[in-house]
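Remarks on the overall topology
Next come the chains, spelled out residue by residue.
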Amino acid sequence: MLLTLAQAPDAVPAERAAARQWYSDARFGMFIHWGVYSQLGQGEWVMQNRSIAVADYEWLASQFNPVKFDAKTWVALAKAAGMKYITITSRHHDGFSMFATKATRYNIVDWTPFQRDPLRELAEECRKQGIKLFFYYSQLDWHHPDYFPRGQTGRGSGRLEVGDWPKYLDFMDAQLTELLTNYGSLGGIWFDGMWDKPDADWRLAQTYALIHKLQPAALIVPNHHQAPLPGEDVQTFEQDLPGANTAGFNTKTIGGLPLETSLTMNDSWGFNLTDHHYKSTRELIHYLVRAAGYGANLLLNIGPRPDGTIPPEAEARLKEIGGWMATYGESIYGTRAGPIAPRSWGVTTARGDTVFVHVLDWNDPTLALPVLAGTWKAKSWDGKPLPLTQGFTLTLPTASDASDRVIVLIKQKG
Ligand code: JFZ
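None of these values were measured; they are calculated from a predicted model.

Concerning the pattern of salt bridges
Going through the model one piece at a time under the given rule, you end up with 15 salt bridges. Here Lys 68 makes a salt bridge to Asp 307, at a shortest N to O gap of 3.9 Å. In this pair, Lys 68 sits in the loop between α3 (54-62) and α4 (71-81) while Asp 307 sits in the loop between β8 (296-302) and α10 (312-328), placing the two residues 239 residues apart along the sequence. Taking relative accessible area as the criterion, Asp 307 reaches 24% and is therefore assigned partly exposed.

Now the structure itself:
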């Protein structure tokens, strides 16, 4: 036996390879930023932005009581939107655990009048409604005394300038063990915050191995804005399509892993009382379709209110996107990036011998495509044949008010 043969760098066990495939097929997920910070209605960075001291934030945490939280409603909304998974903040940079944990009393069950574990309720509902659940987990902590030496943030929280870094890493591994043990089978863990201390030893290999030991099919999705590291399963981009960097902190290097891009619906992740700057449903559909054209999932965010309800602007848009997906989902789910690279007019997605041409921003009745090898026929979404010249000029159906005109190209056999 050739035991010395090195494994291919991206060789992963079968169950994880299958999970990656499922993930790429899913194409559309719901991101949820929700926590103690939601009460102040200024986004999830409010502790940092207003230099709130640990003691004052602890009092705020003791007031959190989202009595209207209903897991069934949240999961049903994700389903109605056509989403296949939910990624929710189990613990954000404020360090407050939104789940039952023995690693710290600073958690929703032990610290608040609410006393319920919303993640457990969500996990049960997700199982019932056939949605996969991922936990966002912040590696950065503005509250924990052992998050020391400090990084670029968390310096206004009034903590003593001492702490035991390995102890903090043990704390994270203990919490991750709970998350991967007490909530059934997870989609995976979405990490964020390493960028706060880029040069620290995060003991990543140990933590990633722990996760994959506890749940071999759980995916690791790191938001560290670098090219993928060993053990990671998805490359995620924030507020940008893969390869673009309008946000200023994304890498342009695209590795070979499944791709995702996360996006706010307005300009905030956590609930923001005054931010009504919502993207239109048409813009959101375009983003979802463009992401698919790059071969990436869209993780679209909502910031529920502190009482557990979802802002009506977000709910309305999700339902409208769901209406679109109910008709056109076949051109998105289970597809990969199409043979024509993304263009300003739109993108292509593909499954087998079928290519979906998504015409997003184009007002002319004809559209010249790059020539594809082989013989192809074109039809409109409702199955009417469309003229396609040898030079690959397409005559488009009228209906320019539609968010996306999806043209189907089918490769002819022989
Ligand atoms: C991070 C979080 O800080 C944010 O609160 C939210 O959860 C988002 C999805 O992820 O956002 C970042 C992370 C890093 C930078 C900017 C935003 N950065 O390095 O500039």
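Some remarks on the environment of Tyr 208
When you line up the elements, Tyr 208 lands in helix α8 (residues 204-214). Of the residues examined, Tyr 208 reaches a relative accessible area of 4% and is grouped as buried. The sequence separation of Tyr 208 and Ile 220 amounts to 12 residues, and the corresponding C-alpha distance is 7.6 Å. Apart from residues lying up to four places away in sequence, Tyr 208 is in contact with Phe 191, Ile 220, Pro 222, Pro 230, Gly 231 and Glu 232.

Overview of the site of the ligand
Around the ligand, the structure places 14 residues, and the nearest of them are His 33, Glu 44, His 92, His 93 and Glu 238. Glu 44 places a polar side-chain atom, nitrogen or oxygen, 2.4 Å from an oxygen atom of the ligand. Within the side chain of Trp 45, one N or O atom sits 2.9 Å away from an oxygen atom of the ligand. In isolation the ligand offers 440 Å² of accessible surface; the protein chains occlude 84% of this area. Residue composition of the shell around the ligand, grouped by class: 6 nonpolar, 5 polar and 3 charged.

Here we look at the nonpolar core
Membership of the largest hydrophobic core comes to 91 residues, with the highest contact counts inside it found for Met 30, Ile 86, Ile 88, Phe 135, Ile 189, Leu 300 and Leu 318. Sort the elements by how many residues they give to this core and helix α7 (residues 165-181) lands first, with 8 residues. Apart from residues lying up to four places away in sequence, Ile 88 is in contact with Ile 32, Trp 74, Leu 119, Leu 122, Leu 133, Phe 134, Phe 135 and Tyr 136. Grouped together as the second largest cluster of nonpolar side chains are 17 residues, Trp 345, Ala 378, Ile 407 and Leu 409 included.

With respect to the side chain of Asn 297
Secondary-structure assignment places Asn 297 in strand β8. Asn 297 sits in the buried class, given a relative accessible area of 0%. At 2.7 Å, the side chain of Asn 297 forms a polar contact with the side chain of Arg 27. Looking at Asn 297, its side chain comes within polar contact range of the side chain of Tyr 85, at 3.2 Å. Aside from chain neighbours lying at most four places away, what touches Asn 297 is Tyr 23, Ser 24, Arg 27, Tyr 85, Leu 259, Glu 260, Thr 261 and Ala 291.

Let's talk about the packing of aromatic side chains
A full pass over the atoms with the stated rule returns 28 aromatic pairs. Ring plane angle 90° and centroid distance 5.2 Å describe the contact between Tyr 147 and Tyr 168, whose orientation is recorded as edge-to-face. Separated by 21 residues along the polypeptide, Tyr 147 in the loop between β3 (132-138) and α7 and Tyr 168 in helix α7 bring together distant segments of the chain. The residues Tyr 147 and Tyr 168 share a single accessibility class, namely buried.

Reading the values: rules and limits
- Residues numbered from 1 in each chain as written.
- Predicted model: local features only at pLDDT ≥ 70, side-chain atom pairs only at ≥ 80, totals over all residues.
- Heavy atoms only, no water.
- Salt bridge = Lys/Arg side-chain N within 4 Å of Asp/Glu carboxyl O.
- Helix = DSSP H or I, 4+ residues; strand = E, 2+ residues; numbered from the N terminus.
- Buried < 20%, exposed > 50% of the residue type's maximum accessible area, 1.4 Å probe, protein only.
- Contact = heavy atoms within 4.5 Å.
- Near = heavy atom within 4 Å.
- Polar contact = N/O pair within 3.5 Å; in protein donor to acceptor, adjacent residues only side chain to side chain.
- Areas by Shrake-Rupley, 256 points an atom, 1.4 Å probe, with all protein chains shown as cover.
- Nonpolar A, V, L, I, M, F, W, Y, C, P; charged D, E, K, R; others polar.
- Core = buried A, V, L, I, M, F, W, Y, C linked by side-chain atoms within 4.5 Å.
- Phe/Tyr/Trp six-rings, centres within 6.5 Å; stacked < 30°, edge-to-face > 60°.

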